[in-house]
Amino acid sequence: MRVHLATIGCRANQYDTETVAAMVAAAGGTVVETPHDADVALVNSCAVTAEAEADLRRQLRRIARVAPTVRTVVMGCASARDPDGVRALPTVSHAIAGFDATAVGEALALPPEAWSAAATRQGGARALLRVQDGCDEHCTFCATTLARGAQRSRPVDALCDEAERLADAHPEIVLTGIHVGTYGRDIGSSLSALVLALMARVPAVRFRLASVEATEVDDALAELLAGAPRQLAPSLHAPLQSGSDAVLRRMGRHWYTAASYARAVERLVRRAPVFGLGADVIVGFPGETDADFAATEALVRALPFTALHVFPYSPRPGTAALRLGDPPAAAVVAVRREALRALAEEKAARHRRSRDGGAADLVIVGRPDGDRTGLSEDYLSVRLAAPAPPRATRHRATLACHDDDGRATLVARLAP
Ligand code: SF4
């Protein structure tokens, strides 16, 4: 069987698609590049924004155009949110809610012995490890929590076993999920306990936390983020969403305020010699006033962010935010978005300049057939002098910042 796989959305989805690829391989099938060469296609969908769902419709129209006789299985968040709507789209034979190995195995007609397969080598230079699924919170803008259901943490032992297998091919493993900071609450464990277990079992790998709420980093994890950079990358993507407490309350994000978020990230960054701090910010949430936005802008300016993702609010069907009134005018949202993006770029460039002459621990990443770059412990993309070392290798380096064009580009000199 030849299967074409496509993924829309976050790292949790990318991990699930890697698992489907492993199931296909375990059944003796092949993953092919284009739907034209496939017997069946599978699209892993996303519902986080209207744009992500539009992307699913575009992909299905493209599949129908290049391979009109192929049938398509859709899984992920969009097919959980609106299975009937997804089933009505061109070529779709199955709409599976989230990731369900049994349902995927049946839809792809794979033998049952292949349904429990997990990847030992993934497509990226860095591996992904989904540690949990679902979320027990109810942020008013979030369609993901509606699509993914309640939190389900995977057992520590199973995750250690999988990390050990992935470590043969990947020098870095990224822990991912939907609400990673609450990992373990449903099984009597915690994220710090999991990270300690992974570090003990697979000491040669660098683990990285992807998105974790800042106030959910406990003392033990904060200690590891600052004190064990070879084993746990000193970086965190800590969703902020807004710097206005009034907006945070309307968003249903009750577990932190602007002040408690600031304390949490400052505690992390202060302890570590270098730290990559990223965040998501939503602009144009319903009722966001000039004063609310000014509070967000001031907080972003004050905190040591090294990267920022700025999104305009995207109204999602079925979410409570739809009952909170109209968002600000599109022109106002565009101005706010641009202001934050410019500020983010300024802060990112300042961080890169601060790394001039500093040491770095690089994992070599890039497409198998494309240019390679280094990824530092603090999540900086670094240029490599030719000839670049092989992909998925790890090197100590010294960084130099080239700022002739004002772009603060980092170049690595690898240690011999
Ligand atoms: S924490 Fe909020 S935004 Fe994140 S998945 Fe849960 S409900 Fe959605």
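Residues numbered from 1 in each chain as written. Predicted model: local features only at pLDDT ≥ 70, side-chain atom pairs only at ≥ 80, totals over all residues. Heavy atoms only, no water.

Undergrad: Just give me the short version of the site of the ligand, but keep the residues and values in it.
TA: Taken together, Cys-135, Glu-137, Cys-139, Phe-141, Cys-142, Thr-145, Ile-178, His-179, Arg-253 and Trp-255 are the residues near the ligand. Looking at side-chain class alone, the shell around the ligand contains six nonpolar, two polar and two charged residues. (Near = heavy atom within 4 Å. Nonpolar A, V, L, I, M, F, W, Y, C, P; charged D, E, K, R; others polar.)

Undergrad: Describe the sheet that holds strand E14 (residues 359-365), naming the residues involved and giving the relevant values.
TA: Here we have five strands rolled up into a closed barrel, ordered E14-E15-E16-E18-E17, and mixed in their pairing. This sheet shows a mean twist of 55° between the axes of neighbouring strands, independent of strand direction. Summarising the sheet, strand E17 (residues 394-402) and strand E18 (residues 409-414) pair through six bridges and their orientation is antiparallel. Along E18, the bridge assignment pairs Thr-398 with Arg-413. (Pairing = 2+ DSSP bridges. Helix = DSSP H or I, 4+ residues; strand = E, 2+ residues; numbered from the N terminus. Axes fitted to C-alpha atoms, helices over the stretch in contact; angles between N-to-C directions.)

Undergrad: Residues and numbers for the environment of Val-363, please.
TA: Structurally, Val-363 can be placed in strand E14. Sequence separation between Val-363 and Leu-224 is 139 residues, and the spatial gap between their C-alpha atoms is 19 Å. The residues touching Val-363, leaving out its near neighbours within four places in the chain, are Arg-126, Pro-171, Glu-172, Arg-206, Thr-373, Gly-374, Leu-375, Thr-393 and Arg-394. (Contact = heavy atoms within 4.5 Å.)

Undergrad: Account for the pattern of salt bridges, with residues named and values stated.
TA: In the structure shown here, the tally under the stated rule is 32 salt bridges. Residues Arg-126 and Glu-172 are paired through a salt bridge, measuring 2.7 Å at the closest nitrogen-oxygen approach. Placement of the pair is Arg-126 in the loop between helix H5 (101-107) and strand E6 (127-130) and Glu-172 in strand E9 (residues 172-176), with a sequence separation of 46 residues. Judged by relative accessible area, which is 18%, Arg-126 ranks as buried. A salt bridge links Glu-162 to Arg-154; its shortest N-O distance comes to 2.7 Å. One salt-bridge network, in which partners are shared between bridges, spans Arg-126, Glu-172, Arg-206, Arg-208, Arg-230, Asp-361 and Arg-394. (Salt bridge = Lys/Arg side-chain N within 4 Å of Asp/Glu carboxyl O. Buried < 20%, exposed > 50% of the residue type's maximum accessible area, 1.4 Å probe, protein only.)

Undergrad: Would you mind going over the nonpolar core in detail, with residue names and values included?
TA: Counting residues in each nonpolar core, the largest one holds 73 residues, and the members touching the most others are Leu-129, Phe-207, Leu-209 and Tyr-261. The residues touching Leu-209, leaving out its near neighbours within four places in the chain, are Leu-175, Leu-191, Val-195, Leu-221, Leu-225, Leu-232, Ser-235 and Leu-236. (Core = buried A, V, L, I, M, F, W, Y, C linked by side-chain atoms within 4.5 Å.)

Undergrad: Describe the domain arrangement of the protein chain, and please don't skip the residues or the numbers.
TA: If you check the domain split of the protein chain, you get domain 1 (2-114), domain 2 (127-354) and domain 3 (359-414). Here domain 2 and domain 3 have C-alpha centroids that lie 25 Å from each other. Across the boundary between the two partners, domain 2 contributes 19 residues, which contact 18 residues of domain 3. Of the roughly 1,500 Å² buried where domain 2 meets domain 3, counting both sides, 51% is carbon and sulfur surface. Looking at the side of domain 2 facing domain 3, the largest losses of area belong to Arg-206, Arg-230 and Arg-352, adding up to 41% of the total buried there. (Domains from an automatic or database assignment. Buried area = accessible area lost by both parts, 1.4 Å probe.)

Undergrad: Provide a residue-level description of unusual backbone geometry, including the pertinent values.
TA: The general pattern is negative phi for most residues beyond glycine and trans for most peptide bonds. Residue Pro-387 is reached from Ala-386 by a cis peptide bond, and omega for that bond is -5°. The topology assignment puts Pro-387 in the loop between strand E16 (381-384) and E17. The residue Thr-91 is not glycine, and still its phi comes out positive at about 70°. Among the structural elements, Thr-91 can be located in the loop between helix H4 (83-87) and strand E5 (92-95). The backbone of Ala-408 shows a phi angle near 50°, a positive value even though the residue is not glycine. Summarising the element assignment, Ala-408 is placed in the loop between E17 and E18. Given a relative accessible area of 0%, Ala-408 falls into the buried group.

Undergrad: Summarise the packing of aromatic side chains; cite the residues concerned and give the values.
TA: Under the definition given, this model contains five aromatic pairs. Ring centres 5.9 Å apart and planes at 45° place the aromatic pair Tyr-256 and Tyr-261 in the tilted group. Of the two residues, Tyr-256 and Tyr-261, both sit in the buried class. Among the aromatic residues, those joined into a cluster by ring pairs are Trp-255, Tyr-256, Tyr-261 and Phe-305. (Phe/Tyr/Trp six-rings, centres within 6.5 Å; stacked < 30°, edge-to-face > 60°.)

Undergrad: Please provide a residue-by-residue account of the sheet that holds strand E2 (residues 30-32), values included.
TA: With respect to topology, five strands assemble into an open sheet ordered E2-E1-E3-E4-E5, the strand pairing being parallel. Each having just a single partner strand, E2 and E5 make up the two edges of the open sheet. Sheet twist, expressed as the mean angle between neighbouring strand axes with direction ignored, is 30°. Across three bridges, strand E4 (residues 71-76) lies against E5 in parallel orientation. Across the sheet, the residue bridging to Val-74 is Ala-95, located in E5. Strands strand E1 (2-7), E2, strand E3 (40-45) and E4 of the sheet are contacted by helix H1 (residues 11-26), whose axis makes an angle of about 175° with E1. With respect to the sheet, helix H2 (residues 50-66) is in contact with E1, E3, E4 and E5, its orientation differing from that of E3 by roughly 170°.

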